[in-house]
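# Chains, contacts and geometry: an overview
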Amino acid sequence: MIDKKNITGIILAGGKSSRMGTDKGLIMFKGMPFFQHIANALHPLVGEIIVISNHSAYDIFGFKRFEDLIKNAGPLAGVYTGLKHSKTEFNLVLSCDVPLINTGTLNKLIDSYDNNSEVIQIESKGKTMPLIALYKKQCEYHFFKLLQEGERRLQYGVNQCKVKSVSLDAENDVFTNNINTPEQLKAIRQ
Ligand SMILES: Nc1nc2c(ncn2[C@@H]2O[C@H](COP(=O)(O)OP(=O)(O)OP(=O)(O)O)[C@@H](O)[C@H]2O)c(=O)[nH]1
């Protein structure tokens, strides 16, 4: 069991939201922004939450916010920035577009940790999800090197680490739904 004081929650909210057309983390769903749903799911499991985003609108949530150390380089740079600023060995990294996520699902990542892994990621509907994952801080070194080489793919970066995937039961797959488009938003609001 990992002590929650040794886990930082890192929420990435620095994307362009081009498919949605409006900043995804700030979309209202069941009375609160997507971002707040994600922070609420993380809160019981971590000692601190930090936000990685160049958008100052996220300051309203009251967490420390850091800007990408490498700009316009996508989620790989966002995760790298989060790990670099984290003070803890373990880090639960989430995107801001999974508003159905819950603490129980995230806890599965922590429960599945073993000493041989550097990243534990969710696998849902046959797809690995490196933005619902537990990272050891040491991954920052791999990611920095890859970014310097011009690599931008997060899943490629994760695959350079010792990675383990945790599959969800079919009835829990819904909690990891990525909401990227107005159509997907409409579907969860119904
Ligand atoms: N900090 C940071 N986060 C990012 C960056 N790019 C994407 N993200 C975050 O990574 C997660 C997944 O992002 P995507 O859906 O792949 O990209 P997006 O730019 O948000 O959306 P699209 O423009 O529709 O692809 C979201 O939480 C984004 O906010 C980035 O350059 N920096």
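In this text, all values refer to a predicted model and were calculated from it rather than measured experimentally.

## So, the site of the ligand
Around the ligand, a shell composed of 19 residues is seen, among which Leu 12, Lys 16, Ser 18, Lys 24 and Asp 68 lie nearest. Separating an oxygen atom of the ligand from a side-chain N or O atom of Lys 24 is a distance of 2.7 Å. One of the backbone nitrogen or oxygen atoms of Ile 52 is found 3.1 Å away from a nitrogen atom of the ligand. Relative to its free-state accessible area of 620 Å², the ligand is covered by the protein chains to the extent of 84%. Partitioned by chemical class, the residues of the shell around the ligand number six nonpolar, eight polar and five charged.

## Observations concerning the side chain of Asp 97
Turning to its location among the elements, Asp 97 is positioned in the loop between strand S6 (90–95) and helix H3 (103–111). Within polar-contact distance, the side chain of Asp 97 engages the side chain of Lys 24 at 2.8 Å. Polar side-chain contacts of Asp 97 include one of 2.6 Å to the side chain of Ser 95. What Asp 97 contacts, discounting residues up to four positions off in sequence, is Lys 24, Phe 34, Ile 38, Asn 177, Asn 178, Ile 179 and Asn 180.

## Description of the nonpolar core
Membership of the largest hydrophobic core comes to 32 residues, with the highest contact counts inside it found for Leu 42, Leu 92, Leu 106, Leu 109 and Ile 132. Listed by contribution, the elements that provide at least two residues to this core are strand S1 (7–12), helix H1 (34–42), strand S4 (48–52), S6, H3, strand S7 (119–124) and strand S8 (127–136). Sequence-distant contacts of Leu 92, defined by excluding residues within four places in its chain, comprise Ile 7, Thr 8, Gly 9, Ile 10, Leu 42, Leu 45, Val 46, Leu 106, Leu 109, Ile 110, Ala 133 and Leu 134. Counting 22 residues, the second-largest nonpolar core is a separate cluster that includes Ile 10, Leu 12, Leu 147 and Leu 154.

Reading the values: the criteria
Residues numbered from 1 in each chain as written. Predicted model: local features only at pLDDT ≥ 70, side-chain atom pairs only at ≥ 80, totals over all residues. Heavy atoms only, no water. Near = heavy atom within 4 Å. Polar contact = N/O pair within 3.5 Å; in protein donor to acceptor, adjacent residues only side chain to side chain. Areas by Shrake-Rupley, 256 points an atom, 1.4 Å probe, with all protein chains shown as cover. Nonpolar A, V, L, I, M, F, W, Y, C, P; charged D, E, K, R; others polar. Helix = DSSP H or I, 4+ residues; strand = E, 2+ residues; numbered from the N terminus. Contact = heavy atoms within 4.5 Å. Core = buried A, V, L, I, M, F, W, Y, C linked by side-chain atoms within 4.5 Å. Buried < 20%, exposed > 50% of the residue type's maximum accessible area, 1.4 Å probe, protein only.

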